[in-house]
Amino acid sequence: MNDKSSNNPVDVEGIEKLMQSAQIASGETGEMKSLLSSLPAPTPTSPPAGGGSRKNNKKKKRNNKKQAAANSNAQEPTNSNAVTLQENALSAAWEMNGESSKPQQKVWEFWDTQPVPKLGDTVDEIGKIEPDREDVRQTPFSLPSGFDWDTLDLSSQSQLEEVYKLLNENYVEDEDNMFRFDYSADFLQWALRPPGWVQDWHCGVRVKKNGLLVGFISAVPAMIKVYDRRQRMVEINFLCVHKKLRAKRVAPVLIREITRRVNQRGIFQATYTAGVLLPKPVAKCRYFHRPLNPKKLVAIKFSHIGRNQTMQRLLKLMRLPEEPQIKGLRLMENKDVPACHQLLTTQLAKFSLSPVFMPDEVAHYFIPRDGIITTYVVENENNVVTDMASFFTLPSSVMHNSEHSTMKAAYSYYTVATSVSLKDLVKDMLIMAKKTQHDVFNALDLMDNQTYLKDLKFGMGDGNLHYYLYNFKCPEMSEKQVGLVLQ
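Residues numbered from 1 in each chain as written. Predicted model: local features only at pLDDT ≥ 70, side-chain atom pairs only at ≥ 80, totals over all residues. Heavy atoms only, no water.

Novice: Please provide a residue-by-residue account of the pattern of salt bridges, values included.
Specialist: Between side chains of opposite charge, pairing is possible as soon as their charged atoms come close. Considering all chains together, one arrives at 18 salt bridges under this definition. In this structure, Lys435 and Glu323 form a salt bridge, with 3.1 Å as the shortest nitrogen-oxygen distance. One end of the pair, Lys435, is in helix α11 (residues 422-435); the other, Glu323, is in the loop between α8 (311-317) and β13 (329-331), with 112 residues separating them in the sequence. We classify Lys435 as partly exposed; its relative accessible area is 35%. Among the residues examined, Glu323 registers a relative accessible area of 44% and is labelled partly exposed. (Salt bridge = Lys/Arg side-chain N within 4 Å of Asp/Glu carboxyl O. Helix = DSSP H or I, 4+ residues; strand = E, 2+ residues; numbered from the N terminus. Buried < 20%, exposed > 50% of the residue type's maximum accessible area, 1.4 Å probe, protein only.)

Novice: Explain the side chain of Arg261 residue by residue, including any values.
Specialist: Topologically, Arg261 is positioned in helix α6 (residues 250-263). Given the relative accessible area of 5%, Arg261 is considered buried. With residues near it in sequence (within four places) discarded, Arg261 still touches Trp149, Thr151, Asp200, Trp201 and Cys203. (Contact = heavy atoms within 4.5 Å.)

Novice: Explain unusual backbone geometry residue by residue, including any values.
Specialist: Residue Lys280 follows Pro279 across a cis peptide bond; omega there is -20°. With respect to the secondary-structure elements, Lys280 resides in the loop between β11 (270-274) and β12 (283-291). The backbone phi angle of Phe238 is positive, close to 55°, even though this residue is not glycine. Along the chain, the position of Phe238 falls in strand β10 (residues 229-241). The phi dihedral of Lys457 is positive, around 65°, even though this residue is not glycine. One can find Lys457 in the loop between β18 (440-444) and β19 (459-470). Taking the relative accessible area as the measure of exposure, Lys457 reaches 25% and is therefore partly exposed.

Structure representation (structure tokens):
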């Protein structure tokens, strides 16, 4: 699951069945002891302030294939790799548990025990699948011998660095090992400590012998609107287990414990995204990619020049104006929070799956932070904010390239256009992202985004992003009905 939602994704009984099959609770003591002795002792590390250097980029994430080359009037599909941000905890756990066969051919031993619709089900109702529980377990679940639970304090620089180090050295990487996500420590603070954050939801696993952090999972609260219903939820994100422990099925016990901790706060629903198909998506979206620095993207094999094309033609096709075109465009300031809150509230109410932001959440998620979140507003001659647009930044390390060590990607966040066209507003975001040395601009085909993707020369990726609800059912919706973007 991801950043802005509300609840834990797995119930206790279902996890217990999974744990029994994984033989976690009962032991594997000898093998575990040898693994513990082979793990390195913790060493101090300093996360980069912004994107970080190639040397420190150990964060690993899957890749989405992307299209960046062009034919005469439009981009031509390519076989290049585009890093997808939405790699959530449940899809990572699904892969870690070895469930790698085609979803349509699977017997879902785990998901069939969960309050989620089956892949073949038709859902016509909106609401909870199971009632909220009153008998939530109060004591932590048992870990294998040699491990302890720990609640991370992300206000502590040393503990924040431990999480940064674990993620950058052990998170999911792309199949070709060409690009590695580089979540900076400041990005983690932004993503994991929004209004209403709970320290108990920053859940870690340590080795008893040397204190090394070898597992982490987090939850973040949000109010989510599903059709005409509002539901308090959480999203689970940053599920990460040390490489040497993945065969020991530590991920399920992490999910079980974060589930218990979130249930203790009276939350039993969740929303999350995954690139993999699980039971059962409420929507399916696709990433689109707009090159800002085509020459570099080709050089690092992120994209390639299409058939019968040249670099000169590609550069000409992707050229942007030097300066933004909309009068009154400026960076968002603290004073703009009420106006932006109203714009977002009105806009997001149009969609069937969307967050319900409070003013303090708008301040947290949208006020610009260098190298993390960028938000622009349009202010008219009467000093009224009429439009807003935002994108967040996630760099990746470029592996095995002597010329380039980092790729800087912008991800479209939330955009509201009322006095100008959406296409013109996003075009100015492309210009500003290029001016701040971003190499590519990524956007999903949700909300009204399809109205500008072709005209602004976005290329379609070949991977889907599925949206899920846990313990909450609703009819399936099209990508145009989705108004939720998760970091």
